[in-house]
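Okay, here's what each chain looks like letter by letter:
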Amino acid sequence: MGKTADLTTVQKMTIDTLKKEGKTQKVIAKEVGCSQSSVSKHINREAKGRKRCGRKECTSKRDKRALERIVKQNRFKNVGEIHKEWTVAGVSASRSTTHRRMQDMGFSCRIPRVKPLLNKRQRQKRLAWAQDKKDWTAAEWSKVMFSDESKFCISFGNQGPRVWRKTGEAQNRRCLKSSVKFPQSVMVWGAMSSAAVGPLCFLRSRVNAAVYQEVLEHFMLPAADQLYGGDDFIFQHDLAPAHSAKSTSTWFKDHGIPLLDWPANSPDLNPIENLWGIVKRKMRDARPNNAEELKATIKATWALITPEECNRLVDTMPHRIAAAIQAKGAATK
């Protein structure tokens, strides 16, 4: 280690301390673990008040503040658009300099999260629901069969525009985007418990009450036998029109199946949403050419879901509920 620039901050502080104690440069170098010339250069530099050489920044603090305002006005602009707007404001800087200054401020280009919009009444109901379920044990949650529909698209790579945000700003409303619907896709119904997943159902038409009850009859009941045998269970589904229809409620009463009360617009509370995400991530490298190949890929990937993955997801329910309470009923992700 023969250069002053190679000295760490701790070594420099140790040198300064030992110098004040009257130690010689030879002794200091031995204790610090560097060359005597490095000690000498550091001491002389500090004595003369010299700073490290280097090219002076072409942007001022005022310019940086202007850049941060531009980024925060619209988080979805690309670097070229931000650079153009910054130069119009009178700043002379290259596109790469613009990108570096944004990174220095802590901005990173990320895929924005999608967050459901909740009104005041929905937040209040979510909060009341979470407070009612906060003392549920893992054994109680293991009796719940979670269900949901999900859309799978052939074009997995189309993730939409990216957003500029800092650490901790993932939930900032200005950094969120709405869902994007793709034309080439299939809709899937599935169910899970803490023990395993049930059979999948590919939906061929728009899901109304009659179609949904056929799904329940031919897929949900077999799933219940598979996951619970003859034991009691509670069925969970969201408040989609087909789910909350009077005829559907009558169907559940006729079959003696209890329903878990569920707050509106709350996919963040449902662990099967995360399971869909796991399946889609595992399919990321798949390139199906048509709907039939897509269905086959979904089935094969769904079959690879392990009981451990299901159990781990259901075990997160107490944490989801605690997060909803802490957020006063607002969406947590």
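Predicted, not measured: the structure shown is a model, and the values here were computed from it.

## As for the pairing of strand 2 (residues 144–153)
Here is step 1: Strand 2 sits mainly inside the fold: 9 of its 10 residues count as buried.
Here is step 2: As paired strands, strand 2 and strand 6 (residues 234–236) are joined by 3 bridges and run parallel to one another. Counterpart to M145 in the pairing with strand 6 is F235.
Here is step 3: Note that strand 2 and strand 4 (residues 185–192) share 8 bridges and pair antiparallel. Bridging across to strand 4, E149 finds its partner in W189.

## Overview of the sheet that holds strand 4
Here is step 1: In space, the 4 strands of this open sheet follow the order 5-4-2-6, with mixed pairing throughout. Where the open sheet ends on each side, the last strands, each with one partner, are strand 5 (201–203) and strand 6. Strand after strand, the sheet turns through a mean of 25 degrees between neighbouring axes, direction not considered.
Here is step 2: For strand 4 and strand 5, the ladder comprises 3 bridges, and the chain directions are antiparallel. Within strand 5, the position partnered with W189 by the bridge is C201.

## Considering helix 4 (residues 61–73)
Here is step 1: In this model helix 4 runs 19 Å from its N-terminal to its C-terminal C-alpha over 13 residues, within 8% of the 18 Å that 1.5 Å per residue would give.
Here is step 2: Those residues of helix 4 hidden inside the fold are in contact with helix 5 (79–88), helix 6 (95–104) and strand 3 (163–165).

## Things to note about helix 2 (residues 25–32)
Here is step 1: Inspection of helix 2 places I28, A29 and V32 among the buried residues, and these make up the whole buried set. The arc that holds the buried residues of helix 2, viewed along the axis, is 100 degrees, so those residues lie on one side. The outward face of helix 2, more than 90 degrees from its buried face, is lined by the exposed residues K26 and K30.
Here is step 2: Within two residues after helix 2, G33 carries a phi angle of roughly 90 degrees, on the positive side.

## A short note on the nonpolar core
Here is step 1: One finds W141, F152, M192, L275 and I298 to be the most contacted residues of the largest nonpolar core, which totals 32 residues.
Here is step 2: Secondary-structure elements contributing two or more residues to this core are helix 7 (120–133), strand 2, strand 4, helix 12 (271–282), helix 13 (291–302), helix 14 (307–314) and helix 15 (317–326).
Here is step 3: Filtering out sequence-adjacent residues up to four positions away, M192 remains in contact with V144, M145, F146, V197, L227, P271, I272, L275, C310, L313 and V314.
Here is step 4: Core analysis: the next-biggest nonpolar cluster, separate from the first, contains 19 residues, C201, L203, Y228 and A242 among them.

## Observations regarding a positive patch on the surface
Here is step 1: A cluster of basic residues, K61, R62, R65 and R69, forms a positive patch on the protein surface.
Here is step 2: When you line up the elements, K61 lands in helix 4.

## Examining the packing of aromatic side chains
Here is step 1: Under the counting rule described, the total for this entry stands at 9 aromatic pairs.
Here is step 2: With a centroid separation of 6.4 Å and an interplanar angle of 55 degrees, the aromatic rings of W129 and W141 are classed as tilted. A residue pair is termed long-range when its members are at least 10 positions apart, and W129 in helix 7 and W141 in helix 8 (residues 138–141) qualify at 12 residues. Neither W129 nor W141 differs from the other in exposure class; each is buried.
Here is step 3: Ring geometry for F152 versus W276: centroids 5.8 Å apart, planes at 80 degrees, classification edge-to-face. Of this pair, F152 sits in strand 2 while W276 sits in helix 12, and the two are 124 residues apart along the sequence.
Here is step 4: The exposure class assigned to W276 is buried, which follows from its relative accessible area of 2%.
Here is step 5: Taken together, the aromatic side chains of W129, W136, W141, F146 and W262 make up a single cluster linked through ring pairs.
Here is step 6: The ring of F107 carries K166 above its face, with NZ or CZ at 5.0 Å from the centroid.
Here is step 7: Seen from the ring of F152, K280 lies directly overhead, with NZ or CZ sitting 4.9 Å from the centre.

Parameters and conventions
Starting afresh in each chain, residues are numbered from 1 along the sequence in its written order. Predicted model: local features are reported for residues with pLDDT of at least 70 only, side-chain atom pairs are reported and counted for 80 or more only, and whole-chain, interface and lining totals are derived from all residues. Side-chain numbers here rest on the full set of heavy atoms in the structure, without hydrogens or water. For every residue, the accessible area obtained with a 1.4 Å probe (protein chains only) is divided by the maximum for its type, and the residue is called buried under 20%, exposed over 50%, and partly exposed between those limits. For helices the rule is a DSSP run of H or I covering at least 4 residues; for strands it is a run of E covering at least 2, with both sets numbered from the N terminus onward. Any two strands with at least two DSSP bridges between them are considered paired. Working convention: axes come from line fits to C-alpha atoms, limited for helices to the stretch in contact. Angles between N-to-C directions cover 0 to 180 degrees. Helices are assigned an expected span. That span is 1.5 Å times one less than the residue count. Between two residues, a contact is recorded if the distance between any of their heavy atoms is within 4.5 Å. Arc definition: directions from the helix axis to the C-beta atoms. Joining through side-chain atoms within 4.5 Å is the link that ties buried Ala, Val, Leu, Ile, Met, Phe, Trp, Tyr and Cys residues into a set, and such a set is a nonpolar core. To count toward a patch, a residue needs a relative accessible area above 30% and no salt bridge. Like charges then connect within 9 Å, nonpolar side chains (Val, Leu, Ile, Met, Phe, Trp, Tyr) within 5 Å. All accessibility values rest on the Shrake-Rupley procedure with a 1.4 Å probe; residue burial counts only the protein chains present in the view. Within this document, salt bridges are pairs made up of a side-chain nitrogen of Lys or Arg and a carboxyl oxygen of Asp or Glu, the two lying within 4 Å of each other. We treat Lys and Arg as the positive residues and Asp and Glu as the negative residues; His and chain ends play no part in the count. In plain terms, the charge of a residue is placed at NZ if it is Lys, CZ if Arg, CG if Asp and CD if Glu. Within 6.5 Å between ring centres, the rings of Phe, Tyr and Trp (the latter by its six-membered ring) count as paired, and their orientation is classed by plane angle as stacked under 30 degrees, edge-to-face over 60, tilted in between. Any Lys NZ or Arg CZ that is within 6 Å of a ring centre and within 35 degrees of that ring's normal is treated as a charge sitting over the ring.

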